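This is what each chain is made of:
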Amino acid sequence: MKTRLTDKDGEVRELTDADVKRMRPMSEVLPANLQRTIGQRGKQHAPTKVKTSIRLSQEVIEHFKEEGEGWQRRIDQALKQYIREHGHGHG
């Protein structure tokens with residue numbers, strides 16, 4: 001009999017070497033249509049953002065990462081606030 005991976009509350013227990021040996025690649029255990037959806041973002045609820053690359057100082061990155069997840073969103077919010085405060089003009 002196999003030991004369950006989760007307890008009654010759904011918490012995953014620590015995996016054993018035997019658990020790892022029983023693992024199989026996703027391609028062997030999931031249908032192709034499901035494999036394609038794993039790791040892909042769902043429909044965005046907010047307006048689409050543009051993917052870009054930007055160089056920022058280490059100080060800025062550390063400041064926004066201090067609060068954990070969502071640091072890129074917080075940078076976006078700070079830049080939007082800057083635009084609101086300084087207007088949209090080109091000087």
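Residues numbered from 1 in each chain as written. Predicted model: local features only at pLDDT ≥ 70, side-chain atom pairs only at ≥ 80, totals over all residues. Heavy atoms only, no water.

Moving on to the pattern of salt bridges. Taken as a whole, this structure holds four salt bridges when the rule is applied. For R13, the salt bridge goes to D19, with nearest N and O atoms at 2.6 Å. Beyond isolated ion pairs, a larger network of salt bridges with shared partners links R13, D19 and R22. (Salt bridge = Lys/Arg side-chain N within 4 Å of Asp/Glu carboxyl O.)

Turning our eyes to something else, we now look at helix α5 (residues 71–86). Its 16 residues give α5 an end-to-end C-alpha distance of 23 Å, which sits within 8% of 22 Å, the value for a rise of 1.5 Å per residue. A positive phi of about 75° marks G87, the residue just after α5. (Helix = DSSP H or I, 4+ residues; strand = E, 2+ residues; numbered from the N terminus. Expected span 1.5 Å × (residues − 1).)

This paragraph deals with the environment of H63. Tracing the backbone through its elements, the reader meets H63 in helix α4 (residues 58–65). Looking at H63, the relative accessible area reads 48%, which means it is partly exposed. For the pair H63 and I75, spaced 12 residues apart in sequence, the C-alpha separation works out to 9.8 Å. (Buried < 20%, exposed > 50% of the residue type's maximum accessible area, 1.4 Å probe, protein only.)

Our next topic: the packing of α4 against α5. One way to put it is that α4 packs onto α5 with a least axis distance of 8 Å and a crossing angle of 110°. Regarding the angle of α4 to α5, the classification is roughly perpendicular. By crossing handedness, the relation of α4 to α5 is classed as right-handed. Contacts between α4 and α5 involve I61, F64 and K65 from the former and W71, R74, I75 and A78 from the latter. Per-class residue counts for the contact of α4 with α5 are five nonpolar, no polar and two charged. (Axes fitted to C-alpha atoms, helices over the stretch in contact; angles between N-to-C directions. Parallel < 35°, antiparallel > 145°, perpendicular 65-115°, else oblique. Left-handed = near helix turned anticlockwise from the far one by under 90°. Contact = heavy atoms within 4.5 Å. Nonpolar A, V, L, I, M, F, W, Y, C, P; charged D, E, K, R; others polar.)

Before going further, it helps to examine a negative patch on the surface. A cluster of acidic residues, E59, E62, E66 and E67, forms a negative patch on the protein surface. Inspection of the secondary structure puts E62 in helix α4. (Patch = residues over 30% accessible without salt bridge, like charges linked within 9 Å, V, L, I, M, F, W, Y side chains within 5 Å. Areas by Shrake-Rupley, 256 points an atom, 1.4 Å probe, with all protein chains shown as cover. Lys, Arg positive; Asp, Glu negative; His and termini not counted. Charge placed at Lys NZ, Arg CZ, Asp CG, Glu CD.)

When the pLDDT values of the protein are averaged, the result is 85; 88% of them are 70 or greater. When mean pLDDT is compared element by element in the protein, α4 scores highest at 95, while helix α3 (residues 32–37) scores lowest at 80. (pLDDT = per-residue confidence, 0-100.)

Attention now moves to the side chain of R74. Tracing the backbone shows R74 in helix α5. Within the buried core, R74 has no salt-bridge partner, and the shortest N-O distance to an opposite charge, that of E67, equals 4.2 Å. Those residues within four positions of R74 in sequence are excluded, and the remaining contacts are F64, K65, E67, G68 and E69.

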